[in-house]
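The residues making up each chain are set out below.
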Amino acid sequence: MINAGLVADFTAEVLGEAQALTETGGEIKPVGSVRDMRELLWSSIDNSESRDLDQVEYVERLPDGRIHLLIGIADVDAFVQKGSVIDRRAFVNTVSVYTPAITFPMLPEQLSTGITSLLEGEDRLALVIELVLNSEGVVSSRDVYRALVHNHAKLTYDEVGAWLENQSQIPGSIAKVPGLGEQIRLQFETTNLLHALRKQNGALELETVEVEPVLSGGEVIRLDIKRHNRAQQIIENFMIAANTSMAEFLEERGVPSLRRVVRTPERWSLIVKMAKSYGAALPPRPDSRALSDFLDERRAKAPAKYIDLSLAVLKMMGSGEYLVEEPGLEQEGHFGLAVHDYTHSTAPNRRYPDLITQRCLKAAIDGGNYPYTRGELEEIAERCNRMEDAARKVERMTKKAAVAVLLSGRVGEIFDGIVTGVKEKGTFVQLVSPPAEGRIVKEEEGLSVGEKVRVRLVATEPERGFIDFAYVKQD
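These lines cover the structure that appears in this document, whether it is placed above or below. Because the structure is a prediction, the values reported are computed rather than measured.

Glancing now at the environment of Thr 357. Among the secondary structure elements, Thr 357 is positioned in helix H11 (residues 352–366). In this structure Thr 357 comes out as buried when scored by relative accessible area, which is 1%. In sequence terms Thr 357 and His 344 are 13 residues apart; their C-alpha atoms lie 7.2 Å from each other.

Following this line, the structure appears as structure tokens:
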């Protein structure tokens, strides 16, 4: 953390302000323009270990068949005022950093896992984005307002995903709340509408697999594979709809704000060359719809290799960044999502840009003064881009270190694996079990991507995240 320019601890002043907010927060009541919406069947879906809950969702079918979608976002700004001690500290890291051993939260935990978290069974202030969708998933109307909400159930991706995919019975966390099962089914129906429209517009559907080290008692005990499931699709599509609609809401009202941009790929020629190697022809100019069609075709023909293709496309596209939106000016959108207006607004407990967007939205709702000048927003965007990259490096490095720790006692053992990369800097292999990745440093000549191999673990270096193998030649 320190080497990356991130701050690992909170000062006594920051913790003191957080404690004072917790003590004076008191009972939350709907006052003024804050609507009382606690009676709606709000629920959240997140990772099982998450306590910094940023979103709750509710869907209903209107009499004319349209879908009424409500997404509640934790009103962090109600407690973290602009320019406060906590706000200035949040600007330092700009994100929460998640490592296998510990989480370094952007906000003190008295807030992020307490009074600003949409915890199950608690009344909480929220910023609600209200959308009405027609039968094709097109947003026909939108509104944003403050409300008081109540999370009736904190659900997890694994349990909801398994149930929706008919791999398990209805989870107890859903069954115990009357009507929640039907509610989640309707949420999945709604996300299918949104997803179909996104695909029609050319959104890319890339598949990734994350390997998560699991710790217990300070020891790395195993590696879990996190695969995308239907529960994650619900939240992903709802958050995209919310972030797109909030960006459009701000633009319509002429409020300067931050945008999340994935630029048109500068390395499009490399993507074209890669597609040609598969016998496909992409247009010479970047075209997300054409790329989406090519990816769909490859997934249908070779599903086992689609993850590797997805990773290659992601690397050639480049990462996202924050820019300042100036109403009335034509600016780039999000190439991968195939949307023109996109912001980050749905995770204010863990991302500073989302807190900034929340303040801009409140100004738009109230018709008050803009909370930030263009110069201030540009400074924030530059800082967020830099610190997001630093946090990503810390997270990536600590995951590699945890995997190296897990394997450090197995030097000399032989494993089955698949070659995942052949590059100038080395040949890389993914083990079948445990699903660890490392570099083949001996006898690697002549290997190709996708080749099944046997390798011997020759060394680990957890401090640098290194795992080294030697290729074992077959008789």
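Still more to cover.
Turning next to the pattern of salt bridges. This model, assessed by the stated rule, comprises 36 salt bridges. For Glu 376, the salt bridge goes to Lys 82, with nearest N and O atoms at 3.9 Å. Residue Glu 376 is found in helix H12 (residues 374–407), and its partner Lys 82 is found in the loop between strand S4 (67–74) and helix H2 (85–93); the two are separated by 294 residues along the sequence. Judged by relative accessible area, which is 30%, Glu 376 ranks as partly exposed. Looking at Lys 82, the relative accessible area reads 43%, which means it is partly exposed. Between Arg 359 and Asp 87 there is a salt bridge, and its shortest N-O distance comes to 3.1 Å.

For the structure shown, the criterion picks out two cavities of 30 Å³ or more. Estimated volume of the second largest cavity: approximately 30 Å³. Along the walls of the second largest cavity sit Ala 74, Asp 75, Phe 79, Ile 115, Thr 116, Ser 117, Leu 118, Arg 124 and Leu 125, which together make up its complete lining. Of the residues assigned to the lining of the second largest cavity, the class counts are five nonpolar, two polar and two charged.

Turning to the packing of helix H6 (residues 180–200) against helix H7 (residues 230–252), a few remarks are in order. Their axes nearest at 9 Å, the elements H6 and H7 cross at an angle of 60°. Here H7 runs oblique to H6, going by the angle between their axes. Crossing handedness for the pair H6 and H7: left-handed. The segment H6 lies against H7, with Ile 184, Gln 187, Phe 188, Thr 190, Thr 191, Leu 194, His 195 and Arg 198 engaging Arg 230, Gln 233, Ile 234, Glu 236, Asn 237, Phe 238, Ile 240 and Ala 241. Per-class residue counts for the contact of H6 with H7 are seven nonpolar, six polar and three charged.

About the thresholds
Every chain is numbered independently, its residues counted from 1 as its sequence is written. Residues qualify for local features only when their pLDDT is at least 70, as the model is predicted, and side-chain atom pairs are given and counted only at 80 or more; totals for whole chains, interfaces and linings, by contrast, use all residues. Side-chain measures here rest on the full set of heavy atoms in the structure, leaving out hydrogens and waters. Helix and strand definitions here come from DSSP, where helices need a minimum of 4 consecutive H or I residues and strands a minimum of 2 consecutive E residues; each element is numbered from the N-terminal end. Each residue is placed in one exposure class: buried if its accessible area under a 1.4 Å probe, protein chains only, is under 20% of its type's maximum, exposed if it is over 50%, and partly exposed if it falls in between. What counts as a salt bridge is simple: a side-chain nitrogen of Lys or Arg found within 4 Å of a carboxyl oxygen of Asp or Glu. Grid points spaced at 1 Å and placed over the protein atoms alone form the basis of the search, with a cavity being a set where a 1.4 Å probe fits but cannot get out and a pocket an open set showing protein on both sides within 12 Å along at least five of seven lines. Lining residues have an atom within 4 Å of a point. Grid points are joined across faces, edges and corners, and a volume is the space filled by probe spheres set on the points. Only Asp, Glu, Lys and Arg are considered charged, only Ala, Val, Leu, Ile, Met, Phe, Trp, Tyr, Cys and Pro nonpolar, and every remaining residue, Gly among them, polar. For helices, the fitted axis covers only the stretch in contact; all axes are lines through C-alpha atoms, and the angles between them, taken along N-to-C directions, range from 0 to 180 degrees. Under this scheme an angle from 65 to 115 degrees is roughly perpendicular, one under 35 degrees roughly parallel, and one over 145 degrees roughly antiparallel; angles in between are oblique. In a left-handed crossing the near helix is turned counterclockwise from the far helix by less than a right angle, and in a right-handed crossing that turn is clockwise. When checking whether two residues touch, look at their non-hydrogen atoms; a contact exists if any pair is within 4.5 Å.

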